[in-house]
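Per-entry structural report
In case you want the letters, here they are:
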Protein chains: 2
Amino acid sequence: MRVIFNEGLKAVADNLDLMARNVRDAIRLSGEALLNQDLDAAQTVIDNDANIDDLSAKILDQCVELLARQNPVATDLRVVVATMRLATTFERMGDLARHIAEAARRTYPNSPIPENLTGTFTQMQQFLDITGGRIVDMLVDRDTSIADQIIRDDDKLDELHRQIMQYADGPDWKGTNEQLINVVLIGRFMERLGDHAVSAARRVVFVVSGFDPSKTPTRDEGTDID
Amino acid sequence: MRVIFNEGLKAVADNLDLMARNVRDAIRLSGEALLNQDLDAAQTVIDNDANIDDLSAKILDQCVELLARQNPVATDLRVVVATMRLATTFERMGDLARHIAEAARRTYPNSPIPENLTGTFTQMQQFLDITGGRIVDMLVDRDTSIADQIIRDDDKLDELHRQIMQYADGPDWKGTNEQLINVVLIGRFMERLGDHAVSAARRVVFVVSGFDPSKTPTRDEGTDID
């Protein structure tokens, strides 16, 4: 029974790894679309979001199957539940990357954001790229130690977003209304990506701890910010 | 065993009903805050969001307990899983109502939106108020027939949101940058509330069908839009 459960959990873990890689790539490519007017990158993110959604549904079904056939309890059960919630968080991160790609496609060949904000958006993107890679590493290497870095970096991301909104709402704003709308929406999508990354990192710690009992399990955090 | 499971599910259902009422009230009061500069209403939504989050965590724990002790299978299992996901959707609806209330509090005593958009935002709010009430009715009366109305009305909500964005992005826009930012963000929060209401309605159909086998169960929809 135990062996079968672990095999089942391994199959789910492989799909989680695959989903995390897809989300990491979607974040990176949506940044290319946003900052370099890369239309191919935008289209790739938009087209690939369906694969991310399919993986989410597949993981959910695998988890329901595990619950039905193996009746896991205690930590095993919490790991399966956390895995279902992690898949939903990844799915939403894919949606947000798609929203950014769609905004970039909408204004192509022009940038959706004004020139003088490119630097700050680039810094936000760099944080998100690093975070996307870290979440993959956490899952693949079963390494929970970087979760704290992801949580710490989210403060920096929020600070950059605050600066963008302060400028957008201030007397020095130079740009069209369309650019202002894009700055507000894209800024929010990126901030949300960071929030979901924090939520994902906390869940990965919990899931990985369950995969590897030598790690101390932490309680899954229930709060998703929308 | 069956009796104990049903009793457990009943306890979860009571908390789901309570959570739906809280979300319905949060939607209504956030509209009061937005459209009537009602500061008390805004503060009530903001303060009460913690209760909604607590209910979500409580429901999740109850579901995990049910899974651990009762090992539900087939429809029972899918109902428990759908219930967990429904609680998360309600939690996010509460967050969105809070975001609207916070925007209204930020600009008090002024309205966050320009005068000439009040009518369209009022129409969006009316749809959301009706939808919040319908979701409560679906749960309390175990009535799944109104789900289609909720799904239909979301198109009307999206059309109103489209009109608002078209005006905000158009040559006739009259307002400050702060108002433009508020229109974009609040419009998006309300559109998202509608999307989550659709996702909630679909899950309620599934959950209620499980509570009452005379109803035809439908497959739980995995897609949450963020």
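An unreviewed UniProt entry annotates chain A as Phosphate-specific transport system accessory protein PhoU originating from Bifidobacterium canis. Database annotation for chain A, UniProt heading Subcellular location (unreviewed entry): "Cytoplasm". Under the UniProt heading Subunit (unreviewed entry), the entry covering chain A gives this text: "Homodimer."

Some points on the overall build of chain A
A tally of regular secondary structure across chain A gives six helices and zero strands. Along the chain direction, N to C, the helices and strands of chain A fall in the order α-α-α-α-α-α. Taking 226 residues into account, the globule formula puts the C-alpha radius of gyration at 17 Å, and chain A, at 19 Å, falls close to it. Across its three principal axes, chain A shows a C-alpha extent of roughly 65 × 30 × 25 Å. Split into buried and exposed, the 226 residues of chain A put 57% on the buried side. Within chain A, residue pairs in contact and separated by at least 24 positions form 81% of the contacts whose partners lie at least 6 positions apart. About 9000 Å² of surface is accessible on chain A, with carbon and sulfur atoms providing 49% of the total. Put simply, chain A has 25 plus and 38 minus side-chain charges, and the middle of one group is 4 Å from the middle of the other.

Focus: the pattern of salt bridges
All names here are of chain B. Applying the stated criterion to the full structure yields 25 salt bridges over all chains. Of the charged contacts in the structure, one is a salt bridge between Asp 95 and Arg 98, with a shortest N-O distance of 3.3 Å. Residue Asp 95 and its partner Arg 98 are located together in helix α3 (residues 74–107), separated by three residues, close to a single helical turn. For Arg 98, a relative accessible area of 17% puts it in the buried group.

Quick word on the interface of chain B and chain A
Facing 38 residues of chain B, the contacting portion of chain A comprises 38 residues. Of the roughly 3500 Å² buried at the junction of chain B and chain A (both faces included), carbon and sulfur atoms supply 58%. For the pair chain B and chain A, the interface holds two salt bridges. B:Asp61 serves as the salt-bridge partner of A:Arg78, at 3.5 Å between the closest nitrogen and oxygen. At the junction of chain B with chain A, the criterion picks out two residue pairs in polar contact (both at pLDDT 80 or more). With eleven residues, the single largest contributor to the side of chain B that touches chain A is α3(B). Class assignment for the residues of the side of chain B that touches chain A results in 18 nonpolar, seven polar and 13 charged.

Quick word on the UniProt feature "domain: PhoU" (unreviewed entry) in chain A
Residue and element names in this part refer to chain A. Under the UniProt annotation, "domain: PhoU" (unreviewed entry) lies at residues 17–103 and 134–204. What you have in residues 17–103 is 94% helix and 0% strand, and the ends, taken at the C-alpha atoms, are 28 Å apart. Measuring from the first to the last C-alpha atom of residues 134–204 gives 11 Å, for a span that is 80% helix and 0% strand.

What to know about helix α4 (residues 118–140) of chain A
In this model α4(A) runs 33 Å from its N-terminal to its C-terminal C-alpha over 23 residues, within 8% of the 33 Å that 1.5 Å per residue would give. Positive backbone phi, at 55 degrees, marks A:Arg142, one or two positions downstream of α4(A).

Focus: the environment of A:Thr44
Along the polypeptide, A:Thr44 turns up in helix α2 (residues 39–70). Judged by relative accessible area, which is 40%, A:Thr44 ranks as partly exposed.

Procedures and definitions
Counting from 1, residues in each chain are numbered in the order their sequence is written. All chains are assigned letters beginning at A, and all ligands numbers beginning at 1, according to the order in which they are written. Whole-chain, interface and lining totals are the exception, using all residues; otherwise, since this is a predicted model, local features are given only for residues with pLDDT of at least 70 and side-chain atom pairs are given and counted only at 80 or more. As a rule here, side-chain values cover all heavy atoms of the structure and leave hydrogens and water aside. UniProt positions are given in the numbering used here, feature names are shortened, and annotations may be inferred rather than shown by experiment. Labels follow the DSSP assignment, with helices taken as runs of H or I lasting at least four residues and strands as runs of E lasting at least two, numbered in each case from the N terminus. Within these notes, the globule rule equals 2.2 Å times the number of residues to the 0.38 power, and the radius of gyration is based on C-alpha atoms. Each residue is placed in one exposure class: buried if its accessible area under a 1.4 Å probe, protein chains only, is under 20% of its type's maximum, exposed if it is over 50%, and partly exposed if it falls in between. Here, two residues are considered to be in contact whenever any of their heavy atoms come within 4.5 Å of each other. Under the convention used here, a 1.4 Å probe and the Shrake-Rupley method define accessible areas, while residue burial counts only the protein chains that appear. Counting rule applied: Lys, Arg positive; Asp, Glu negative; His and chain ends not counted. All charge positions are set by atom: Lys at NZ, Arg at CZ, Asp at CG, Glu at CD. Put simply, a salt bridge is a Lys or Arg side-chain nitrogen that is within 4 Å of an Asp or Glu carboxyl oxygen. Put simply, buried area is the surface a 1.4 Å probe can reach on two separate parts but cannot reach once they are joined, added for both. Polar contact is defined as a pair of N or O atoms within 3.5 Å, subject to the rule that within protein one atom must be able to donate a hydrogen and the other to accept it, and that residues adjacent in sequence are counted only when both atoms are side-chain atoms. Amino acids are sorted into nonpolar (Ala, Val, Leu, Ile, Met, Phe, Trp, Tyr, Cys and Pro), charged (Asp, Glu, Lys and Arg) and polar (every other residue, Gly among them). One less than the number of residues in a helix, times 1.5 Å, gives the span that helix is expected to have.

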